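# Chain and residue survey
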Amino acid sequence: MRIGFIGLGNMGAPMARNLVKAGHEVTGFDVNFEQANALRDILTIVESAGEAAAGQDFVITMLPHGGALNDVAVEVVPIMASSSCFIDCSTVDIQTTKQAASMIGSAGLRVLDAPVSGGVGGATAGTLTFMIGGAADTLEFAMPLFDAMGGRVIHCGAVGAGQAAKICNNMILG
């Protein structure tokens, strides 16, 4: 599958590496160009989120906060192919997740919120736990990607439920 991966930091970079190891074609972008260029040996690195999203089967984001998610969604949704799926693996607030999902869904695209647990070690080892919010058929469509990046997938319910589960997980760990 063709994947645009936006957010190649401490978590996103090893997740993208695992997708490549599983045989997927990954185009990546990060606002930190130096960090992104360190992956040039295995990913196609581009200069904007829009370039990363164009023509992909999936767009995956791993971003630091809700504002970044909103900005990326505004940029990439008009560019995404009509059959593609937007998967946000960031940990952000539920309201931002639902707003972004509404915008993505209004464009006729599939969407999942899929925050993770397992840290950098889990991202590197491909053993992350994904807490998924979104339609069951969309999750089924995306399972090969979750299998490449993680060890456990929990479908929590509708869009936003993944973020709610992640918040509860963080509170329990805290």
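These notes cover the structure that comes with them. (Residues numbered from 1 in each chain as written. Predicted model: local features only at pLDDT ≥ 70, side-chain atom pairs only at ≥ 80, totals over all residues. Heavy atoms only, no water.)

## What to know about the pairing of strand S6 (residues 110–113)
Side-chain positions along a regular strand alternate between the two faces of the sheet. The condition is simple: Two strands qualify as a pair provided DSSP detects at least 2 bridges between them. Secondary structure counts use DSSP, requiring at least four H or I residues in a row for a helix and at least two E residues in a row for a strand, with both numbered from the N terminus. We call a crossover right-handed when, viewed with the strands running away from us, the connection from the first strand over the helix to the second turns clockwise.
Pairing of strand S5 (residues 85–88) with S6 involves four bridges; the strand directions are parallel. In the sheet register, aspartate 88 faces S6, and the bridge partner there is aspartate 113. Since S5 and S6 lie parallel, the crossover through helix H5 (residues 94–106) that links them has a hand, and here it is right-handed.

## Observations concerning the packing of aromatic side chains
For the record, the criterion: Working definition: a ring pair exists when centres of Phe, Tyr or Trp rings (six-membered ring for Trp) sit within 6.5 Å. Plane angles under 30 degrees give stacked, over 60 give edge-to-face, the rest tilted. Three exposure classes are used, based on accessible area relative to the maximum for each residue type with a 1.4 Å probe and protein chains only: buried under 20%, partly exposed in between, and exposed over 50%. Comment: the charge-over-ring label is applied if NZ (Lys) or CZ (Arg) is within 6 Å of the ring centre and within 35 degrees of the ring normal.
Evaluated as defined, the whole model comprises three aromatic pairs. Pairing phenylalanine 29 with phenylalanine 33 gives two aromatic rings, centres 6.0 Å apart and planes at 65°, and the pair type is edge-to-face. Residue phenylalanine 33 is classed as partly exposed on the basis of its relative accessible area of 43%. Across the ring face of phenylalanine 141, the terminal group of arginine 110 is positioned such that the distance to the ring centre comes to 3.7 Å.

## Focus: the pattern of salt bridges
Which entries qualify depends on this criterion: Put simply, a salt bridge is a Lys or Arg side-chain nitrogen that is within 4 Å of an Asp or Glu carboxyl oxygen.
Throughout the structure, instances matching the rule amount to one salt bridge. A salt bridge links aspartate 57 to arginine 2; its shortest N-O distance comes to 3.4 Å. Here arginine 2 lies in strand S1 (residues 2–6) and aspartate 57 lies in the loop between helix H3 (49–53) and strand S4 (58–61), a separation of 55 residues in the sequence. For aspartate 57, a relative accessible area of 23% puts it in the partly exposed group.

## Observations concerning the side chain of threonine 61
The condition is simple: Polar contact is defined as a pair of N or O atoms within 3.5 Å, subject to the rule that within protein one atom must be able to donate a hydrogen and the other to accept it, and that residues adjacent in sequence are counted only when both atoms are side-chain atoms. The contact criterion used throughout is that any non-hydrogen atoms of two residues lie within 4.5 Å.
Tracing the backbone through its elements, the reader meets threonine 61 in strand S4. Of the polar contacts made by the side chain of threonine 61, one reaches the side chain of aspartate 88; its length is 2.6 Å. In this structure threonine 61 touches Ile6, Leu69, Val72, Phe86, Ile87, Asp88, Cys89 and Ser90, once residues within four positions along its chain are discounted.

## A word on the nonpolar core
Where we set the bar: Nonpolar core, defined: a set of buried Ala, Val, Leu, Ile, Met, Phe, Trp, Tyr and Cys residues in which side-chain atoms within 4.5 Å join the residues together.
Core analysis: the largest hydrophobic core is formed by 32 residues, its most contacted members being Phe5, Met15, Ile87, Phe130 and Phe146. Mapped onto this core, the elements with two or more residues apiece are S1, helix H1 (12–21), S4, S5, strand S8 (128–133) and helix H7 (136–149). No other element matches the six residues that H7 contributes to this core. The residues touching methionine 15, leaving out its near neighbours within four places in the chain, are Phe5, Met62, Cys89, Val116, Ala123, Leu128, Phe130 and Met149. Val76, Val77, Ala100 and Ala101 belong to the second-largest nonpolar core, a separate cluster that totals 22 residues.

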